[in-house]
Amino acid sequence: MKLKFLIALFIPLSTQVFSQKPEKITFKDTENFYYKILPEGKPAGMIIVLPGGGETPERVMNQIYLDELAFDKNLIVLFPGFEDGNFTMTIEQKFLDRIAKDIVEKYHISKDKIAIGGLSYGGMLGIKYAEMAVRDKNTYFTPRVVFALDPPLDYEKKYHQLQRDIERNFSEVAVNEAKYLNKEMVDAIGYPDKNKANYIKESMFLYSEKDGGNAKYLMNIPLLMYTEPGIMWQMNNRGRDLYDTNCISITAMMNLLKLKGHKNADLVIVNDRGIRPEGFRHPHSWSIMDSEECLNWILKHFNQ
């Protein structure tokens, strides 16, 4: 099953130009793969950059320069590509376990120096992996830090947003996405009113739970979140209001973590920064992240 989560990343890829040529690693037993960028010096750690739903690693590399900055700091950078996955992300988790283990053992880096993060579904996966590492203790590593760009976090909220998109019938893109995701969500974990336990188990954060659901497992993991509400863009292009945006759950989760005493839950809210590579506005984009700021944040926590 090829999982495609969230908003219009299915755009033709432009020509790629990299200062360091990434090496593509493929396997015989899975369609999943990854790109690897190795520094010239002894590796001091690793960053795993996760694509948005339906997005290729090549497209991600064409939108950020985090990899180039990390190369100069002797960090290995991996860009996984997921041709196979599932809604509960267990397939993706096992693949991340596999590639992280290969890199750690081959290049002798510390499992305490691994950062993970991404946009949208990639941000969800990074957060989910960290939560599973603490909750289930069945992952290869516990991320030292997690960074995420505008990820949906609360499946209960997401379910109701999808229903509103369908009922409003304002945007063909929004309606088509909502129908696809609604079926995928219901098939995987059922309806929220009848299967609350599944929503508690699988959501990265659940506003209806006093403790935030799985968010409580992030208390000792530094977390950097970027979001751009882009409310006028949402209204004009998707017929959505503030209740439909990801920033609602993001700010709610970060506020809860801070109230519970999390010292390294850092939230960056930007305006008018979201631009797709083709040049058009879209608040759900890699451009909302400042690559230099993100790398400096990662290094600060690696060195603590």
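Residues numbered from 1 in each chain as written. Predicted model: local features only at pLDDT ≥ 70, side-chain atom pairs only at ≥ 80, totals over all residues. Heavy atoms only, no water.

Got a minute to help me understand the sheet that holds strand E3 (residues 45-50) in this structure?
Within a sheet, neighbouring strands are paired by backbone hydrogen bonds and run either parallel or antiparallel to one another. With mixed pairing, 8 strands are arranged side by side in an open sheet as E1-E2-E4-E3-E5-E6-E7-E8. Of all the strands in the sheet, the pair left with one neighbour each is strand E1 (23-25) and strand E8 (265-269). Across the sheet, the axes of successive neighbouring strands diverge by a mean angle of 20°, strand direction being ignored. Looking at chain direction, strand E2 (residues 33-37) and strand E4 (residues 75-81) are connected through 5 bridges and run antiparallel. In the sheet register, tyrosine 35 faces E4, and the bridge partner there is phenylalanine 79. Strands E3, E4, strand E5 (114-119), strand E6 (145-149), strand E7 (223-227) and E8 of the sheet are contacted by helix H10 (residues 291-302), whose axis makes an angle of about 160° with E6. (Pairing = 2+ DSSP bridges. Helix = DSSP H or I, 4+ residues; strand = E, 2+ residues; numbered from the N terminus. Axes fitted to C-alpha atoms, helices over the stretch in contact; angles between N-to-C directions. Contact = heavy atoms within 4.5 Å.)

What exactly am I supposed to notice about the environment of aspartate 187 here?
With respect to the element layout, aspartate 187 can be found in helix H6 (residues 172-189). Residue class for aspartate 187 comes out exposed when judged on its relative accessible area of 55%. A C-alpha to C-alpha distance of 9.3 Å links aspartate 187 and phenylalanine 87, two positions 100 residues apart in sequence. Here lysine 183 takes part through its side chain, which lies 2.7 Å from a polar atom of the side chain of aspartate 187. (Buried < 20%, exposed > 50% of the residue type's maximum accessible area, 1.4 Å probe, protein only. Polar contact = N/O pair within 3.5 Å; in protein donor to acceptor, adjacent residues only side chain to side chain.)

What exactly am I supposed to notice about the nonpolar core here?
Counting residues in hydrophobic clusters, the biggest one holds 56 residues, and the most contacted among them are Met46 and Met253. Here this core takes 7 residues from helix H3 (residues 90-107), the largest share from any one element. (Core = buried A, V, L, I, M, F, W, Y, C linked by side-chain atoms within 4.5 Å.)

Honestly, the environment of isoleucine 166 in this entry has me stumped. Any pointers?
If you trace the backbone, isoleucine 166 turns up in helix H5 (residues 155-168). Every residue in contact with isoleucine 166, bar those within four places of it in the chain, is listed here: Ala178 and Lys179.

What exactly am I supposed to notice about the state of the cysteines here?
Disulfide: a covalent bond connecting the sulfur atoms of a pair of cysteines. Tallied over the entire structure, the rule returns 0 disulfides. Between cysteine 247, a free cysteine, and cysteine 294, which holds the nearest cysteine sulfur, the sulfur-to-sulfur gap is 20 Å. By relative accessible area, which is 0% here, cysteine 294 ends up buried. (Disulfide = S-S within 2.5 Å.)

I keep staring at the confidence of the model for the protein and nothing clicks. Help me out?
Chain-level statistics for the protein give a pLDDT mean of 93 and a share of 93% at 70 or above. This stretch, residues 1-18, has a pLDDT under 50; its non-local contacts, to residues over four places away or in other chains, come to 75 contacts. (pLDDT = per-residue confidence, 0-100.)

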